[in-house]
Amino acid sequence: MFGKIISYEHHDNKVRINFEHRVGKIEVITPNIVNVFSSFKYQDHFSRAIEDLEIVKCNFTVDKKDKYIEVITDELIVKIYDEFKVDFYNKSLEILCEDYRGERDSFIRRGCGSIAEEEGHKVEKNTDNHKIQVIKKIYGDEKFYGLGDKTGHLNKRGYNYEMWNTDDPSPHVESYKSLYKSIPFFITLREKYTFGIFLDNNFKTYFDMGKENSNYYYFGSDDGNLDYYFITGIDMAEVVNGYTYLTGKTPLPQKWTLGYQQCRWSYTPESRIREVANNFRNKDIPCDVLHLDIDYMDAFKVFTWDKEKFPEPTKLLKDLKDNGFKVVTIIDPGVKKESGYDIYEEGLKNNYFAVDKDGITYVNKVWPGDSVFPDFSDSKVRAWWAENQKIMVDTGVSGIWNDMNEPASFNGPLPDDVQFRNEGRGGDHTEIHNVYGHLMSKATFEGLKKHTNKRPFVITRACYAGSQKYSTVWTGDNQSFWEHLRMSIPMLCNLGLSGISFAGVDVGGFSFDCTPELLSRWVQVGCFSPLFRNHSSMLTRDQEPWAFDEETLNINRKYIKLRYKLLPYLYDLLWQGETTGLPVMRPLVLHYSDDDKVHEINDEFLVGKNILVAPVVEQGKRSRAIYLPKGKWIDYWTKEELEGGRTILKEAPLDLCPIYIKVGSIIPNYPVQNYVGEKEIEELTIDIYPGNGHYTHYLDDGESFNYKSGKYNLYDFTMKEGNGVTLEIKTPHLEYEKGYSTFRILINSTEIKDVKFNGKDIAYETKKHVVEFSIKAEEGILVIK
Ligand code: GLC
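Since this is a predicted model, take the numbers as computed values, not measurements. (Residues numbered from 1 in each chain as written. Predicted model: local features only at pLDDT ≥ 70, side-chain atom pairs only at ≥ 80, totals over all residues. Heavy atoms only, no water.)

Structural notes on the domain arrangement of the protein
Bring the parts together and some accessible area is lost; that lost area is often taken as the interface size. Taken domain by domain, the protein comprises domain 1 (5–247), domain 2 (255–334 + 376–579), domain 3 (585–662) and domain 4 (680–784). If you average the C-alpha positions of domain 2 and of domain 4, the two centres end up 35 Å apart. Opposite the 13 residues of domain 2 that make contact, domain 4 presents 15 residues. Between domain 2 and domain 4, roughly 1,300 Å² of surface is buried when both sides are summed, and carbon and sulfur atoms account for 55% of that area. Three residues, Arg455, Asp572 and Trp575, lead the burial of domain 2 against domain 4; their summed loss comes to 45% of the area buried on that side. For the pair domain 2 and domain 4, the interface holds two salt bridges. Where domain 2 packs against domain 4, one counts nine residue pairs in polar contact (both at pLDDT 80 or more). Residue contributions to the side of domain 2 that touches domain 4 peak at seven residues, all from helix H11 (residues 567–580). (Domains from an automatic or database assignment. Contact = heavy atoms within 4.5 Å. Buried area = accessible area lost by both parts, 1.4 Å probe. Salt bridge = Lys/Arg side-chain N within 4 Å of Asp/Glu carboxyl O. Polar contact = N/O pair within 3.5 Å; in protein donor to acceptor, adjacent residues only side chain to side chain. Helix = DSSP H or I, 4+ residues; strand = E, 2+ residues; numbered from the N terminus.)

What follows is the structure in structure tokens.
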């Protein structure tokens, strides 16, 4: 297709290679990130994922060798051959990734598919070559991670997927090629190397991770440009950082968004949502957020209220707010086609809706019946949609839940030739589909930002690479199946590796009827996932924490309270993520990739670096095997110290989720509150697991953007072992006026005889396995012997 290399030119960070038939470009973004590009549709990048990219000025050389052109950065060596075959080496000249030199050669499928189809089987055919297709060699040691919200296990090797945002509420099983999200990014882990590849193409894209042939994997598309980024780093964490350098980091959310959230399709009428709210407070279960699903609207018309069911929404939301509840309302993209409905009329008058090939407003069916679809690929429409958020904000709504934005439609999918403005370039549904939800979230984010001047809380179902900048996500319509509880772990871990660090699943499962045991186990996973929301579908059995029996209620209370205790730790992780791009919920492989025993662990995960959670995800199980990576770990419940690098067996009665803390950890805790902000927290608890370690705790007002201008505090703890333990406390940044007055120190050890802070004796008490005392929240050295 490209032919032989004829010549090359080198300008700034770009190397343009003229082949016989086409032009290829290599662009050095940072010493670790290189872009491979050829124009098939647009002259240059036209990215929805990457905004305001900063090219790092770095030295690199370009040389013409006998058979190839060589580009050398400080970290990578890229060799470009005829036919635009591109190979990547590390600086020690070890090959990381090379283009496969043969043709695609699919495995053989036998038999006659049509007869199987007659019985209702879905028969897969071998796929054709794609217009844009990159085939990479498999060396044999590869594992693949990322790819967004795909079903199945953590490692994607041996499977194929498509990126085409899909709303299919039938049970999400391993054979699904696509779900709601398109994140065309994956990380390859080889025995000694790791790198990521981001195909920035928002048309339908295809990923085959060694399924059709174990000698290669490939990715491709039938439209758009050849435009991919090769991202390397010393470890997976650096690759995730590189990917989020391109597509953006998850911004720090408001603190209450990390509280417990309760949802249902639907809490209606007003008396029902008040009853749910009161139940939380009366039953002593913390909760910050209540969600209103589609039935709060008048005939499902977005930005309206059903005045019969919710006669005084402003008063309702104020009453709830006075009781600590923030309300999030659902907003779908489909606008009801109804004359006299102002949103519809306004959009129609201004040509804000997508049109068919003849330029007539395109209509399909969603909840409101005949509906039209705002063209979010036009900045004017986004600005209008952003302005509409004011309607909700003025009523007292605290966050917006964007659903059905694949976009979903009940009267068949949108035809390919539905037309969009596409930022003035014009484009059809094949181009906009995968970024429709992304652009809708962007508009919602901008609107909430403008009208609240707080960090926006948006939840979206559909997204594209980079949506993390605007929105948190949930994984759509799962079911109350044990299998879906199990799958939620690799799914959230892979979403995290794909840049989406603020994510969650419907705790308890959306469709089908939950059971007390399933909810009890699910809340044990949910309480560690960044977005912690229990949600269920209409006509399913009630699934609130109190919906079953006393035991289930107690288990829910225990883990929701644990969540509130860990809030400062989770908030710190999100704050760190603004710099590192690392997610809250992490597969073990992210930090222990040298240990091949963790590469395929699907039923354990890390929260940050130091908390390992090994939940029970099988019905009836009351014990489980747990692999602890190398190092020393403390059982969170019993305080028993365990040597890692081996598998242990743990008894796990229904109310116990096995949790392990790495020795050397310093974990901040809050007192349990009914909701974030209920208590002024003057004393921060520091839960210490003696060893060598370092931790930085971050504090700000938890809602505004003042932290961007320096209004925050940092508390730095450095712990060293040897003749007891010393903890050096520093406060390198103190510009937020409401700092702590004291620290409550918990030392997870009972062998303590003497505690001194800045030379002065400190009185302590010994409780079961822990020694406790308080000190002033100031710089100093704590010596514990
Ligand atoms: C979709 C959403 C679900 C919501 C329902 C009604 O199925 O995924 O969360 O409850 O629509 O709005």
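Notes on the sheet that holds strand E49 (residues 760–761)
The antiparallel open sheet is built from six strands, whose spatial order is E44-E45-E46-E52-E48-E49. Since the sheet does not close on itself, it has two edges, and those belong to strand E44 (693–699) and E49, each with one partner. Strand direction decides the pairing type here: strand E45 (residues 713–721) and strand E46 (residues 725–734), joined by eight bridges, are antiparallel. Across the sheet, the residue bridging to lysine 720 is threonine 726, located in E46. This element, H11, spans E44 and E45 of the sheet and lies at about 90° to E44. (Pairing = 2+ DSSP bridges. Axes fitted to C-alpha atoms, helices over the stretch in contact; angles between N-to-C directions.)

Some points on the pairing of strand E7 (residues 76–81)
Across the six residues that make up E7, a large majority, six, are buried. With burial as the criterion, each face of E7 is covered, one bearing Leu76, Val78 and Ile80 and the other bearing Ile77, Lys79 and Tyr81. Where strand E6 (residues 69–72) and E7 come together, four bridges link them in antiparallel fashion. Opposite isoleucine 72, over in E7, you have isoleucine 77 as the bridge partner. Strand direction decides the pairing type here: E7 and strand E8 (residues 85–90), joined by six bridges, are antiparallel. Bridge pairing in E8 links tyrosine 81 to lysine 85. The turn linking E7 back onto E8 is made up of three residues, and glutamate 83 within it adopts a positive phi angle of 65°. (Buried < 20%, exposed > 50% of the residue type's maximum accessible area, 1.4 Å probe, protein only.)

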